[in-house]
Structures are given as structure tokens and as C-alpha cells.
Amino acid sequence: MNDEMNLDTQLQSYEHWKQSMAKSIGRYQCWLEGIGLSSTDTELMLIKNLRLLEKDTITIAFAAEFSRGKTELINSLFFSSAGIRLLPSSPGRTTMCPTELFYDSKEKPYLRLLAVETRSSTKSIDEYKKEPKQWTHIELDCGSPDKMQDSFLELLRTKTVSAEQAKELGLADVNEQNEVVIPYWRHALISFPHPLLEKGLVVLDTPGLNALGSEPELTLSMLPSAQAMIFVLAADTGVTQSDMDMWKQHICTYRSKHPHGLAVVLNKIDTLNDELMSDADWEHSIDKQTSETARLLELDEKAIFPLSAKQALIAKIKNDDQALLNSRLAPLEDFLSNRVLSSQKEILQDKIIGDVVGHMQQTQQTLQRRQQHIAQHMDDLQSIYSKSEDATAELLLLTRKQQTAYTKNLAHLKTSRHIFNSQIDDLLQVVNPERVQKILGEGREEMIKSWTTVGIHQGMQSVFDGLNVLLNDALESTGASRQLLDLIYQKFKDEHDIDVQKPVAFNANTYKEELDLLLHEGLEFSSSSAAALMSQSNLATSFMDTIGGQAVAIFHQAQADINTWKSQALSSLIREVSEQKKLMESKLDSLRSVSAGQDVLDEKIASNNHKQELLTTWFEELDTLMDSIQSAGEPASVETEIAVAKY
Ligand SMILES: Nc1nc2c(ncn2[C@@H]2O[C@H](COP(=O)(O)OP(=O)(O)OP(=O)(O)O)[C@@H](O)[C@H]2O)c(=O)[nH]1
Ligand SMILES: [Mg+2]
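Some remarks on the packing of aromatic side chains
Applying the stated criterion to the full structure yields eleven aromatic pairs. Arranged with centres 5.5 Å apart and planes meeting at 35 degrees, the rings of F231 and W247 form a pair that is tilted. With F231 in strand β9 (residues 228-234) and W247 in helix α10 (residues 241-257), this pair connects stretches of sequence that are 16 residues apart. Accessibility classification places F231 together with W247 in one group, the buried group. Ring geometry for F305 against F335: centres 5.5 Å apart, planes inclined by 55 degrees, an arrangement best described as tilted. Highlighted residues: F305 in strand β11 (residues 304-306) and F335 in helix α14 (residues 330-386), separated in sequence by 30 residues. A single burial state applies to F305 and to F335, both of which are buried. In this structure an aromatic cluster arises from ring pairing among F62, F78, F79 and F192. For the cation-ring pair, R112 lies above Y110, with the distance from its terminal atom to the ring centre recorded as 3.9 Å. Over the aromatic face of Y184 sits the side chain of R157, whose NZ or CZ is 3.8 Å from the ring centroid.

In C-alpha cells form, the structure reads like this:
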């Protein structure tokens with residue numbers, strides 16, 4: 001029954017890592033607060049990272065022509081512990097609507113179904129997801145796999161409608177005259193407490209036969225955002241023309257976005273065997289078909305997993321280890337647990353460590369400078385003590401002079417910050433999603449009217465040209481702001497010996513690449529044969545809205561990144577400058593207090609000694625916190641927990 005042990009163990013340790021990461025971030029948050037170094041920007045940055053951890057799920061999507069064995073593979077990979085074929089799989093077209101399997105802890109297990117008629121509305125599936133009332137709700141009886149299996153039969157449901165109705169839903173060609181069999185449901189959501197789903201795994205099963213071409217949101221939004229995609233071919237049919245079309249139109253784009261997330265399965269290898277064949281012959285024919293598939297798809301043979309989903313499912317249910325080995329499912333399980341999970345962890349880890357550890361390093365620098373300042377202050381106090389009255393007066397004069405120069409530069413910094421901020425506000429206007437909406441709106445109507453491949457291509461190209469102009473403008477104006485920052489930092493380095501690191505600047509090129517990829521996906525999609533069916537329905541609008549929504553999301557992200565840059569660009573310099581200001585004030589204070597006698601001086605020296613001791617403790621604690629983030633999820637991190645427990 002421990003069929004998903006491998007993936008399960010990996011998911012468990014991933015979950016453990018996320019929890020321990022969140023804990024460490026929480027502790028850093030309290031610690032900063034405790035030593036008075038927290039700020040709104042810092043809080044927001046930490047909260048953003050905590051959300052990333054909390055919301056993280058791993059989606060594995062299955063796409064292929066009909067009857068290649070997607071659903072059977074899902075059953076064998078994830079749900080064999082039910083002891084039956086949980087999701088319906090049978091010859092011919094089986095799964096009729098895209099199906100998402102996950103665990104929603106807030107509600108009792110359910111199957112939710114969205115009627116196919118919603119295709120004629122302009123509302124997106126994503127919007128429908130926020131309105132459970134719009135779905136047909138079926139409670140699942142998890143205690144009985146048989147009853148669950150019965151409920152899942154809904155996924156196969158079809159209905160016969162008039163040609164007109166089918167056309168309205170974008171499910172029949174303009175020339176269609178006869179009645180048409182169409183899916184009953186548009187989309188299905190299944191929530192149940194399976195150990196893998198509970199740990200944040202989401203499985204997306206798609207129906208074969210043009211589903212990808214006829215549901216823009218699935219193709220352009222749900223599949224591209226999956227962390228792993230499994231493209232299934234069948235050994236009994238070989239690579240057919242329609243497999244090739246799907247590969248080129250949909251899967252290759254995914255591969256360019258997620259080079260490590262794609263696996264190609266050559267399913268049904270059992271069909272290459274017959275009673276009279278020796279094992280060696282069978283193996284030879286599997287190898288031959290694998291290399292032929294690799295040649296056709298222009299892939300490395302290692303990226304192809306020949307296996308038998310059916311044999312694997314039966315072997316797992318019957319606990320037959322030898323048959324399971326023969327089914328060759330294990331390499332695919334390894335791929336999912338090792339490659340997919342670990343690369344997702346790496347991505348998340350890079351993001352969080354970049355932000356949080358980056359901030360910790362800045363804090364370390366601030367503390368180091370504070371330490372230097374205190375040491376210097378101590379020197380001053382010692383030397384003042386032994387100085388003559390005249391010499392003290394001279395020093396007082398000099399410090400005042402320094403303070404005046406400093407105040408002047410502080411004013412300069414404020415003016416520069418003002419200029420920088422207004423440049424950034426202009427930049428935010430350049431990439432304003434409202435401008436993007438306007439460009440999209442203008443192109444959208446035109447394209448929906450001229451729903452031909454050529455019309456769409458031209459329209460999309462001109463919309464994207466318009467969007468690229470915005471990003472080019474952004475690139476130019478970023479250049480000017482960067483120069484301004486360089487000048488400010490240089491001035492403080494030259495004149496005050498303040499040498500702090502500039503935060504990484506906003507870079508519009510990243511978004512240009514994303515926009516190019518989106519354009520490419522849109523063009524591919526609109527070339528697909530099923531897209532032609534959409535001309536008479538609201539799906540044309542839905543296609544434009546999906547593309548438009550993603551373009552707007554790219555610009556929203558750009559704006560968010562500009563805002564982060566705005567808040568961080570001068571913050572370390574300002575922090576350092578205010579530290580310097582404090583230092584100068586305390587130096588003046590010491591000089592003034594010299595006349596108050598030795599007692600006051602002794603008091604000041606003692607207070608500085610105390611500050612130094614405190615700093616030493618803070619350094620140690622910060623080191624521990626940094627270690628705990630970097631080694632999150634490893635058993636050693638338990639020890640670090642004790643060390644900073646006082647916060
Ligand atoms: N011999 C053999 N048959 C298989 C194997 N995997 C799946 N099948 C059969 O192939 C048929 C189709 O499998 P499904 O899992 O329904 O295929 P699908 O890709 O989900 O098809 P759609 O839902 O229509 O898109 C079923 O009858 C399965 O039992 C396999 O490894 N070997
Ligand atoms: Mg299926």
C-alpha cells in the first residue's frame with residue numbers, strides 16, 4: 001500500500017523544509033523588532049516571502065491525445081492505494097473535461113462540476129472558482145472507494161445538442177448541420193484527503209481530442225503554470241500526426257518555459273509483448289520504439305519513459321513487486337520526486353534566500369558599522385580625557401564643521417531622493433497596467449471581429465508591439481535613474497567615506513522576454529484547428545482575455561518590482577547616513593560633557609562598553625538566524641532553534 005512512498009517522503013520533507021523556513025523567517029521578524037531595526041519595507045518583504053511559502057503548491061499536469069492512458073497513469077502513480085481504478089479510464093474518449101485533483105482542507109471532500117454552457121459566458125474558469133454556487137456539488141464518500149468511483153463517472157458524461165447550440169459553445173464547425181455529442185461539464189474540481197494531495201500536490205488531468213485547443217484558459221494559463229507536465233504517447237499507436245501536432249503546438253512551448261519539468265511517457269509497452277516473445281526481444285522492441293520516438297520529437301532518449309500504466313496499476317493493487325518492476329513505472333516516479341520537487345524547492349529557496357539572507361547581510365553591515373562607530377567614539381572619549389582645554393575646543397570646532405558639511409550633504413541626499421522618486425513615479429506611469437489595458441482593448445475588438453488566423457496574428461503582433469514600446473520606454477527611463485543613483489552613492493563615498501552596496505536595479509528586459517513568450521504562445525494557440533471553432537462564440541473573447549490578463553499580470557509584476565526598487569534603492573544609504581548622524585551627535589555630546597568632569601565621562605565609557613557587548617550578542621544571534629534559514633529542513637536546524645529561543 002506504500003506505492004507513493006517515494007514521492008510521499010519527498011513531499012513530506014519539502015513540507016518540513018517550508019515549515020522550518022517559515023519559522024526561521026518569523027524568528028528573524030521578531031528579532032529585528034526586538035533590536036529596533038525593523039521597518040515597514042522590511043516587514044512587507046518578510047510577509048511576502050511567508051506568503052510564497054504558504055501558497056506554494058506543486059501541480060503535475062497530464063496532456064496527450066485521447067486514449068493514450070493519461071488517466072490510467074494518474075491512477076497508477078497516485079491513487080492505487082484505493083485498491084481500485086479510482087478515476088475512470090476506458091478505451092476511446094473517456095475523460096470529457098479538465099479535472100483538477102487537490103485537497104481543500106476547509107471543506108468536506110467534494111467533486112465540483114461546472115456546466116459546459118458556461119462557455120458562452122465571458123467569465124473565466126478562475127472567476128467561476130471563486131463562486132462555488134455556480135458549480136454542481138457532489139459530496140464524496142472517502143470511506144468507500146467504490147462510491148467515489150461511481151461519483152467520478154460524472155467526468156465521462158456527455159450530451160447531444162443541436163448543431164446551433166454546439167456552435168454557440170464553440171464546439172462545432174460553422175458547416176456542421178447535424179446534432180453533436182458534447183461534454184456535459186466544462187471543468188471538474190476534486191478535493192479529497194489523499195496523503196499526497198494533503199501535502200500540496202495538485203494533479204491536472206486533461207481530456208484528449210482538441211480540449212487544449214478549445215479551452216484557452218487551460219492551454220494558456222493552467223498548463224503553463226504547472227511545475228511538471230507529462231506528455232503521454234502510446235506504444236500501440238506510435239507517434240501519430242495528431243500527437244505530433246499537439247507536441248509542436250502546446251508541449252514545446254511548455255518545454256521552453258520549464259526545461260526540467262517535462263517528461264514524455266511512452267505508455268502501453270505491454271502491447272509490444274506477446275506470449276511468443278522472449279524478454280530480450282521485448283526489451284529490444286521497447287528500445288527501438290523509444291529511440292524512434294526520441295528521433296521524431298527531437299529529444300534525448302533519456303527524457304522518454306517507456307512504461308505500462310495499466311500493468312503498474314494492477315501490480316500495485318495486487319502487491320506484485322516483479323510485475324511492478326516490469327511495468328517500469330519507477331523511473332518516472334523518481335523523476336517526479338527528485339527532479340520536479342527539488343527544482344521547485346530550488347526556485348523557492350533562491351527567491352527567499354535572495355530576499356531574506358540578502359536583508360540579513362545588510363543588517364550585518366549596519367551592525368558592523370555601528371560597532372566601528374562605537375569603537376571610534378570610545379577613542380574620542382579616551383583622548384578627550386587627556387586633552388588640554390584648548391585642544392578640546394579645537395576638536396569641537398572641527399566636529400561642528402564636519403557636521404555642517406554633513407548636514408549639507410544630507411539635504412542633498414533628500415533632494416536627490418526626491419528627484420529619484422519622481423523619476424520612478426514617471427516610470428510607474430510608463431508601465432501602468434491601465435495603459436496596457438487600453439492597448440489591449442483597442443486590439444481586442446478588432447481581433448474578435450476579424451477572427452481569422454491572419455487577422456489574429458496581425459492584431460496580436462501590433463498589440464504586442466505596442467506593449468514592447470512601453471517596455472522600451474521603461475528601459476530608457478530606468479537608465480537615467482540608475483545614473484542618478486550611481487552619482488549619489490559615489491558622492492557619499494568620496495565625501496564621507498560611506499561605502500554601502502546598492503540594491504539590484506529594476507530590469508525591464510526580464511519582462512520583454514516574458515512578453516515575447518506570451519506572444520508566441522498566443523500565436524501558436526490561434527493557429528490550432530480548434531481555435532477556428534471559437535469564431536462564433538464568446539470563447540474568442542475568452543482567448544483575448546486570457547492573453548490580455550497575462551500581459552496585464554506581467555506589467556503588474558513589473559510595477560511591483562519597480563516599487564520594491566523605489567523603496568530599496570536608497571534605503572541602505574539612508575540607514576547608514578542616519579547612523580553617521582547619530583555618531584556625530586554623540587561625539588559633540590562627549591565634547592560638551594568634558595567640562596562636566598570625569599564621572600560623566602566614566603559613565604559614557606561604561607555605557608559604550610555595554611553597547612559593544614550587546615552588539616557582540618546580536619552578531620552571534622544573527623549568525624544563528626542566517627544558518628537556520630540556510631539549513632532549513634535539515635535535522636541540525638533544531639539546535640539553532642534553542643540558541644535564539646529567547647526572542
Ligand atoms: N495495454 C494497455 N492499455 C492501457 C495502458 N494504459 C492505459 N491503457 C488503456 O487505454 C485506454 C485509455 O486509457 P485512459 O487512461 O482512459 O486514456 P486517456 O489518455 O485518459 O484518454 P482520454 O481521457 O480520452 O483523454 C484504457 O482502456 C486503458 O485501460 C497500458 O499501459 N497498457
Ligand atoms: Mg482520461
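Structure shown, so let's carry the discussion forward.
Some points on the sheet that holds strand β8 (residues 201-205)
The mixed open sheet is built from nine strands, whose spatial order is β4-β3-β7-β2-β8-β1-β9-β10-β11. The open sheet is flanked by β4 (136-139) and β11, the only strands paired with a single partner. Within this sheet the neighbouring strands show an average axis-to-axis angle of 20 degrees, counted without direction. Two elements, strand β3 (residues 110-115) and β4, share four bridges in a ladder whose sense is antiparallel. Note that in β4 the partner of R112 across the bridge is H137.

What about helix α16 (residues 433-449)?
Residue pairs spaced three or four apart in an α-helix point in one direction, given the helix's 3.6 residues per turn. With 17 residues, α16 extends 24 Å from end C-alpha to end C-alpha; this agrees with the ideal 24 Å at 1.5 Å per step. For α16, the set of buried residues is P433, V436, I439, L440, G443 and M447.

Overview of empty space enclosed by the protein
Tallied over the entire structure, the rule returns five cavities of 30 Å³ or more. Of the pockets and cavities examined, the largest cavity occupies roughly 140 Å³. As for the largest cavity, its lining consists of T219, L220, L223, P224, M229, Q249, H250, T253, Y254, E521, E524 and F525. Tallying contributions element by element places α10 first for the lining of the largest cavity, with four residues. For the lining of the largest cavity, the class distribution of residues is six nonpolar, four polar and two charged. Of the pockets and cavities examined, the second largest cavity occupies roughly 50 Å³. Looking at the second largest cavity, the residues that line it are Q362, Q365, T366, R369, V500, S572, R575 and E576. Every element with two or more residues in the lining of the second largest cavity is listed here: α14 and α21 (571-593). Considering only residue class, the lining of the second largest cavity consists of one nonpolar, four polar and three charged.

Quick word on the layout of surface pockets
Approximately 500 Å³ is the volume attributed to the second largest pocket. Taken together, 20 residues form the lining of the second largest pocket, with H373, Q376, H496, Q580 and L583 sitting closest to its centre. Those elements that provide at least two residues to the lining of the second largest pocket are α14, α15 (389-430), α17 (453-496) and α21. The leading source of residues in the lining of the second largest pocket is α14, at seven residues. A per-class count over the lining of the second largest pocket returns five nonpolar, eight polar and seven charged.

What to know about the coordination of the magnesium ion (ligand 2)
For the magnesium ion (ligand 2), the protein coordination sphere consists of T71 (OG1) and T95 (OG1), at 2.0 Å. A residue pair is termed long-range when its members are at least 10 positions apart, and T71 in helix α3 (residues 70-78) and T95 in the loop between α3 and β2 (99-102) qualify at 24 residues. The class of T71 is buried, set by a relative accessible area of 7%.

A few points about a negative patch on the surface
A contiguous patch of negative charge on the surface is contributed by D279, E283, D287, D300 and E301. Considering the arrangement of structural elements, one finds D300 in the loop between α11 (279-297) and β11.

Regarding the nonpolar core
In this structure, L73, F78, L332 and L336 are the most contacted members of the largest nonpolar core, which totals 76 residues. It is α14 that provides the largest number of residues to this core, a total of 14 residues. Sequence-distant contacts of L332, that is, excluding residues within four places in its chain, are made with L73, L77, I230, A263, V265, F305 and L307. Ranked by size, the runner-up nonpolar core spans 52 residues in total, among them I456, L471, F492 and V552.

Calculation rules
Residues numbered from 1 in each chain as written. Chains lettered and ligands numbered in written order. Predicted model: local features only at pLDDT ≥ 70, side-chain atom pairs only at ≥ 80, totals over all residues. Heavy atoms only, no water. Phe/Tyr/Trp six-rings, centres within 6.5 Å; stacked < 30°, edge-to-face > 60°. Helix = DSSP H or I, 4+ residues; strand = E, 2+ residues; numbered from the N terminus. Buried < 20%, exposed > 50% of the residue type's maximum accessible area, 1.4 Å probe, protein only. Lys NZ or Arg CZ within 6 Å of the ring centre and 35° of its normal. Pairing = 2+ DSSP bridges. Axes fitted to C-alpha atoms, helices over the stretch in contact; angles between N-to-C directions. Expected span 1.5 Å × (residues − 1). 1 Å grid on protein atoms, 1.4 Å probe; cavity = no way out; pocket = protein on both sides within 12 Å on 5 of 7 lines; lining within 4 Å. Points joined across faces, edges and corners; volume = space filled by probe spheres on them. Nonpolar A, V, L, I, M, F, W, Y, C, P; charged D, E, K, R; others polar. Donors = N, O, S within 2.8 Å, 3.2 Å for Na, K, Ca; no water. Patch = residues over 30% accessible without salt bridge, like charges linked within 9 Å, V, L, I, M, F, W, Y side chains within 5 Å. Areas by Shrake-Rupley, 256 points an atom, 1.4 Å probe, with all protein chains shown as cover. Salt bridge = Lys/Arg side-chain N within 4 Å of Asp/Glu carboxyl O. Lys, Arg positive; Asp, Glu negative; His and termini not counted. Charge placed at Lys NZ, Arg CZ, Asp CG, Glu CD. Core = buried A, V, L, I, M, F, W, Y, C linked by side-chain atoms within 4.5 Å. Contact = heavy atoms within 4.5 Å.

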